[in-house]
Amino acid sequence: MTALKPLAALGHAILQLLAAIGRVAIFAATSASHVVRPPFYIKEFAYSLMAIGYFSLPVVGMTAFFTGGALALQIYSGGARFSAEAVVPQIVAIGMVRELGPVLVGLMIAARVTSSIAAEIATMKVTEQIDALVTLSTNPAKYLTLPRVLAATLVVPLLVGIGDIIGVAGGFAVGVGQLGFNPATYLRNTVEFLEFSDISSSLMKGAVFGFIAAMMGCYYGMNSGRGAQGVGKATKSSVEAAAVLILAANFLLTNLFFSA
Amino acid sequence: MIELVDLHKSFGDKVVLDGVNLSIAKGESMVIIGGSGTGKSVLLKCILGLIKPTSGQILLDGQNVERVERDAFLARFGMLFQGGALFDSLPVWQNVAFRLLRGSLKRPRQEARAIAIEKLRRVGLKPDVADLYPAELSGGMQKRVGLARAIAAEPEIIFFDEPTTGLDPIMAGVINELIREIVTEMGATAMTITHDMTSVRAIADKVAMLHGGVIRWTGPVEQMDNSGDPYLDQFIHGRAEGPIEAVR
């Protein structure tokens, strides 16, 4: 029997994982179903757009700029090993737009937005504010979850687009200011090299990552345990889950868009 | 009229409600007493549908609450939560007028604000409190705002969950008086859960004691002191010795 214990533990872990996936899927489906069922809380949606989109701009912008600059330096020094320094504009553009832009914005949103949503909703839960919403004839999924998830799904692609542009600008600044590229040539090489599919895939990744980030925040917040410890655990778990799911979704989407 | 019929609720192996039977007549103020962890809050949340009972029936005016339209059902209730449960992100007046700003009871914004200010005045708060945020208020003021929110839509039934917990004796007395006055003037049915005996005597028409998952005793508040029930006697006199085991 002892020999079967590891197998039993593995089976238990798999069952727990499947149950968790089921719970998240039901939560997501229930929340999404409110998109077509009034009432709609426009003010909460507008507030979420501002909180998730506008107020994330500084952190997204700085992350993208420094990453674009570092990428230009890496490609230049790496490319020098086989006399390919000239490809800096093209690789920075493709690297930022296809991969680093969406992933870094997704991860920054997981850090900034998922944690904030989870902590806010979890605190509301432990202080009975969620119960109060229900007694005031307001569906928490409609009032709290849907506006946040919808706003993140719509606004994170915009943030990704802005992050892509600022990332390329970071590469441009380093390329022109430090590595001696001609500005006009750098820009022309960037613009001519990028294809529409690079940009559309970047924005679609942004929508998926935004959905994941907000959904994980809401899910863990709504299912928080009691007290300060419960809020802390919900916040930590939401960021972990969002980050891992964003990276997993990125792999799947990259496979879907770009595998031969 | 609210009627609980053989209500059971378990969390895993832990049985909290083990066949609760209780009737609350229209316009009556029922106070449920019982020690901490005896399931008073669970009972209240079962009635509101915040927790699903394991078995049993909850009837409102003879209708099973599981079969009535949820929004219409909830529109008949107001609730004062133990900690106030005010929404931090909204100013006081929007907390009070929450129900009047959205949903089936929606009113124009200015009218909703005027009603909120009137309800705040009713619970003894000045209009300048209306634009403050809950975090800027003392515990007693938060309880009053919670009370104003509970009565804002003039519900037929009001629930009070530990209304005096965490308040000093004078503020607790003020809240008790307010509850009694408001329930009387609105003609509302009230259900209060508490273990504060001063509240019980100030608020109750009838008292029910919840112990061991069942209603151990119920009757008019005047008969409480002469019930002859050893559990109730121990509880209302706060004795450490008696049939109720105190965890030390």
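So, here's what we can say about the structure.

Conventions we followed
- Residues numbered from 1 in each chain as written.
- Chains lettered and ligands numbered in written order.
- Predicted model: local features only at pLDDT ≥ 70, side-chain atom pairs only at ≥ 80, totals over all residues.
- Heavy atoms only, no water.
- Helix = DSSP H or I, 4+ residues; strand = E, 2+ residues; numbered from the N terminus.
- Buried < 20%, exposed > 50% of the residue type's maximum accessible area, 1.4 Å probe, protein only.
- Pairing = 2+ DSSP bridges.
- Axes fitted to C-alpha atoms, helices over the stretch in contact; angles between N-to-C directions.
- Contact = heavy atoms within 4.5 Å.
- Buried area = accessible area lost by both parts, 1.4 Å probe.
- Salt bridge = Lys/Arg side-chain N within 4 Å of Asp/Glu carboxyl O.
- Nonpolar A, V, L, I, M, F, W, Y, C, P; charged D, E, K, R; others polar.
- Polar contact = N/O pair within 3.5 Å; in protein donor to acceptor, adjacent residues only side chain to side chain.

### Things to note about the overall build of chain A
Move 1: Assigned secondary structure in chain A consists of nine helices and zero strands.
Move 2: Listed N to C, the secondary structure of chain A is α-α-α-α-α-α-α-α-α in terms of helices and strands.
Move 3: Projected onto its principal axes, the C-alpha positions of chain A cover 65 × 60 × 35 Å.
Move 4: Within chain A, buried positions represent 45% of all 260 residues.

### Focus: the sheet that holds strand β3 (residues 29-33) of chain B
Residues and elements named next belong to chain B.
Move 1: The strand order β6-β7-β8-β3-β9-β10 describes an open sheet built from six strands, whose pairing is mixed. Every interior strand has two partners, whereas the edge strands, β6 (77-80) and β10 (214-220), have only one. Averaged over all pairs of adjacent strands, the angle between their axes in this sheet comes to 15°, without regard to strand direction.
Move 2: In terms of strand pairing, β6 meets strand β7 (residues 157-161) through four bridges, oriented parallel. Residue F77 lies in a different strand from β7, and its bridge partner there is I157.
Move 3: Along the sheet, helix α1 (residues 40-48) makes contact with β3, β6, β7, β8 (189-194) and β9 (206-211), crossing β8 at roughly 150°.

### Some thoughts on the interface of chain A and chain B
Move 1: Residue-level contacts link 16 residues of chain A with 24 residues of chain B.
Move 2: It is E128(A), T135(A) and L136(A) in chain A that bury the most area against chain B; as a group they hold 36% of the surface buried on that side.
Move 3: Linking chain A to chain B there are two salt bridges.
Move 4: Here K45(B) ties to D131(A) by a salt bridge, and the two come within 3.1 Å at their closest N and O atoms.
Move 5: Among the elements of the structure, α2 (42-52) and α5 (129-135) of chain A are those that each provide at least two residues to the side of chain A that touches chain B.
Move 6: For the side of chain A that touches chain B, the leading source of residues is α5(A), giving six residues.
Move 7: Broken down by class, the residue content of the side of chain A that touches chain B amounts to seven nonpolar, five polar and four charged.

### Comments concerning unusual backbone geometry
Move 1: Looking along the chain, the bond that leaves P38(A) and enters P39(A) is cis, with omega of 5°.
Move 2: We note that S83(A) has phi near 50°; this positive angle belongs to a residue other than glycine.
Move 3: Here S83(A) shows up in the loop between α3 (57-79) and α4 (88-126).
Move 4: We classify S83(A) as exposed; its relative accessible area is 65%.
Move 5: You will see that A85(B), though not glycine, has its phi angle at about 50°, which is positive.
Move 6: Turning to its location among the elements, A85(B) is positioned in the loop between β6 and α3 (92-96).
Move 7: With relative accessibility at 4%, the residue A85(B) sits in the buried group.

### Side note on the sheet that holds strand β2 (residues 14-24) of chain B
All names here are of chain B.
Move 1: Pairing is antiparallel across the open sheet formed by four strands, whose spatial order is β2-β1-β4-β5. Edge positions in the sheet fall to β2 and β5 (63-64), since each of these pairs with one other strand and no more.
Move 2: Across two bridges, the pairing between strand β4 (residues 55-60) and β5 is antiparallel. Note on β5: the bridge partner recorded for L60 is Q63.
Move 3: Each of β1 (2-11), β2 and β4 is contacted by α1, which is oriented at about 115° to β1, the strand it contacts most.

### Overview of the side chain of T38(B)
Residues and elements named next belong to chain B.
Move 1: Tracing the sequence through the fold places T38 in the loop between β3 and α1.
Move 2: A polar contact of 2.6 Å, which involves the side chain of T38, links it to the backbone oxygen of G35.
Move 3: Beyond its immediate chain neighbours, meaning those up to four positions away, T38 contacts V16 and L210.

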